[in-house]
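What follows is each chain in one-letter form.
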Amino acid sequence: MINGLDQIFVIAKGLLLSLLWWAPAWVVQVVSAFVNIAAVLAVFLTLFALISVFERKILARIQNRYGPNRVGPFGLLQPVADGIKMLVKEDIVPRGADKVVHFLAPIAMVAPAILALGVIPYGRNMTAFSIDAGILFFFAVGSATELSVFMAGWSSNNKYSMLGAMRAIAQMVSYEMPLIVTVLPVVMIAGSLSPDRIVDAQAGYILGLIPKWFVLTPWGAAAFLLFFTASLVESNRTPFDLPEGESELVAGHMTEYSGFKYATFFMAEYFGMFAVSGMAVTLFLGGWHAPTAFLQFIPSWIWFFSKLSVLLFTFIWIRGTLPRIRIDQTMKLAWTFMLPMAFTCVIAAAVWHYAAGGILGWLESLAIVSLVYAGLSQILGARRNLSVRIYRFAE
Amino acid sequence: MNLFHLLPFVVIAVITLAGAVAAATLSNLVHAALSLVLSFLGVAAFYFLLGAEFIGLVQVIVYVGAVAVLIVFTILLTRPLPGARKGRNWAGVFVAMAVLAGLLWALHGTTLPASHPLASNALTVLAVGQKLMTAYVWPLQAVGIVLTAALIGAVVLAMEEKR
């Protein structure tokens, strides 16, 4: 019974494929791949619809107002109304725009985000595409989005679009470094680039209570915080949403898009957010493992999506709480603080590994991380320049 | 080689070559750069077809994620020279021909394996890592030093302005 619930989707897929008993093996393989794609798309499109209304609800709650509450019960049908509105809106392409690139940019934006969702293990035996170098695949498709942002910004032939795209690319390139380096310790300890093997490496409990998730080690906790911050930047979320700072750049690279193309960008942004949060869950929060041994009777996919929801809620919470920071502050944070800290995590993980993971290793890696943190904040704090700002470029 | 192996090869080859030809002939530089990206992706697809997963993914990270962005930024931040004439750049043609000749020479000297290479030794990340850390550790370090020097050079160039 418990096992059945846990594997319900795997069994359902098996039953579906058993209808193809007459077909040759390659047909079954192709159909199986399409079933996986359809499942991932269906789940995440639903989640996208849900989060678009819940984000507005939560932000409204933080700002002490109601939020959408007119369409359907509690405003839950708002995404349907939004979808219809987006579909029937006029699709405007500026006269000076580069038509082909302008058309291709939203597609080039959403495709990598969907591909990245394919390698994340959503539950026991529930990875859509289980490839050996899954982590590398994730970051390879992620790095392709920078070019899509450029395509959108350049083809619109609008200075706000171009400036927004330049900002977006600059901060995405800068934060890709800490994002990838913080993954290194996990890959080192798990000894594999496969997301499934990384989740397996976090199985088991100490005394049946404390899970062996990487986030509960000093290097893992530091790496998780850095990864989470970098993922805020990579998905252009507050406080790093400068590329679309409304007050100065209209909507950045999305300024000249309307109707369904704009909706596609919006969708790509949220899919990117799901993908990077899912990767954070896989790498640091134990993937689909239950937090304690006696809670293992709850199906694995419920655990994965609960952890994902907690991270997504934190994304929204941060958006409702923090103001946007300046572009030079964003860059400075990446290169002077995040990158050295990310390398420190690598060293701390190596020490933890050679101390065989006992209490001693735990304390040693904690000491390394906190020493470097204290030192860095001393240096950066002393250098903080609190004099009058001189505008060099805007006189 | 049956149809199922030939078909992906032909499709990828056509896309890669079309991207390369477009990159060489289009007059709009940004279009040329984007076509070059298509050709990079095609090369990555070839690596996947050969079972070299790691090389294919690194091809995407390095060429699509970094080199293409660099090219695009270079195009945006520079202007064509005021007196620049249209027409063929013969020095470029010469360099391209030299590279082609070098590649052909290297191809001529290689003996291709008769059997399908997939079956015997698929290139895993583990194997690549172990080779890099044992047999090729000095070249790796040398490349690291060259890249660090380039990084420091870029920082020095950017800091010049502050004085």
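Only a predicted model underlies this, so the values are computations on that prediction, with no experimental measurement involved.

*Asks:* Mind showing me how you'd approach the overall build of chain B here?
*Replies:* Of the regular secondary structure elements, chain B holds seven helices and zero strands. Taken from N to C terminus, the helices and strands of chain B fall in the order α-α-α-α-α-α-α. In chain B, which comprises 163 residues, the proportion classed as buried is 15%. Taking contacts inside chain B between residues at least 6 apart in sequence as the whole, the part at least 24 apart equals 52%.

*Asks:* Whenever I open this one, the nonpolar core confuses me. Can you help?
*Replies:* What tends to happen in soluble globular proteins is that the nonpolar side chains get buried as a cluster. All names here are of chain A. In terms of nonpolar packing, the biggest core is built from 112 residues, with F271, F284 and C345 touching the most fellow members. A per-element tally of this core places helix α8 (residues 159-190) first, with 14 residues. Dropping the residues within four chain positions of it, C345 is found in contact with T182, P185, W219, A222, A223, L226 and V369.

*Asks:* What is the right way to read unusual backbone geometry from this model?
*Replies:* Residues apart from glycine generally show negative phi values, whereas peptide bonds are mostly found in trans. Residue and element names in this part refer to chain A. The phi angle at N64 is positive, at roughly 60°, despite the residue not being glycine. Secondary-structure assignment places N64 in the loop between α3 (25-62) and α4 (78-88). The class of N64 is exposed, set by 6 C-beta atoms lying within 10 Å.

*Asks:* Looking at this structure, how should I read the packing of helix α5 (residues 99-117) of chain A against helix α7 (residues 145-155) of chain A?
*Replies:* The angle between the axes and the distance between the axes are what describe a pair of packed helices. Residues and elements named next belong to chain A. Where α5 meets α7, the closest approach of the two axes is 8 Å, and the angle between their N-to-C directions is 155°. Relative to α7, the element α5 lies roughly antiparallel. Remark: the crossing between α5 and α7 carries left-handed chirality. Facing α5, whose interface residues are V101, H102, L104, A105, A108, M109 and P112, α7 presents T145, S148, M151, A152, W154 and S155. For the contact of α5 with α7, the residue count by class is nine nonpolar, four polar and no charged.

*Asks:* What am I meant to see in the interface of chain A and chain B here?
*Replies:* Reports of interface size often rely on the accessible area that becomes lost once the parts have come together. Residue-level contacts link 18 residues of chain A with 15 residues of chain B. Those elements that place two or more of their residues in the side of chain A that touches chain B are α6 (134-143), α7 and α8 of chain A. Split into classes, the residues belonging to the side of chain A that touches chain B amount to 15 nonpolar, one polar and two charged.

Rules and cut-offs
Counting starts from 1 at the beginning of each chain's written sequence and moves along it residue by residue. Throughout, the order in which chains and ligands are written sets their labels, letters from A for the former and numbers from 1 for the latter. In keeping with the model being predicted, local features are shown solely for residues with a pLDDT of at least 70 and side-chain atom pairs are shown and tallied solely at 80 or more, while totals for entire chains, interfaces and linings include all residues. Numbering of helices and strands starts at the N terminus; helices are DSSP runs of H or I of at least 4 residues and strands are runs of E of at least 2. Exposure criterion: with C-beta atoms placed from backbone coordinates, a residue whose C-beta has 20 or more other C-beta atoms within 10 Å is buried, one with 12 or fewer is exposed, and one in between is partly exposed. By the convention adopted here, residues are in contact when the distance between their C-beta atoms, placed from the backbone, does not exceed 7 Å. Nonpolar core, as used here: buried Ala, Val, Leu, Ile, Met, Phe, Trp, Tyr and Cys residues forming one set through C-beta atoms within 7 Å. To get an axis, a line is fitted to the C-alpha atoms, and for a helix only the part in contact is used. The angle between two axes follows their N-to-C directions and goes from 0 to 180 degrees. With respect to orientation, any angle under 35 degrees is reported as roughly parallel, any angle over 145 as roughly antiparallel, any angle of 65 to 115 as roughly perpendicular, and every other angle as oblique. Working rule for handedness: look at the near helix, and if it is turned counterclockwise from the far one by less than a right angle, call the crossing left-handed; if clockwise, right-handed. For this classification, Asp, Glu, Lys and Arg are treated as charged, while Ala, Val, Leu, Ile, Met, Phe, Trp, Tyr, Cys and Pro are nonpolar and the rest, including Gly, are polar.

That is the geometry; function is a separate question.
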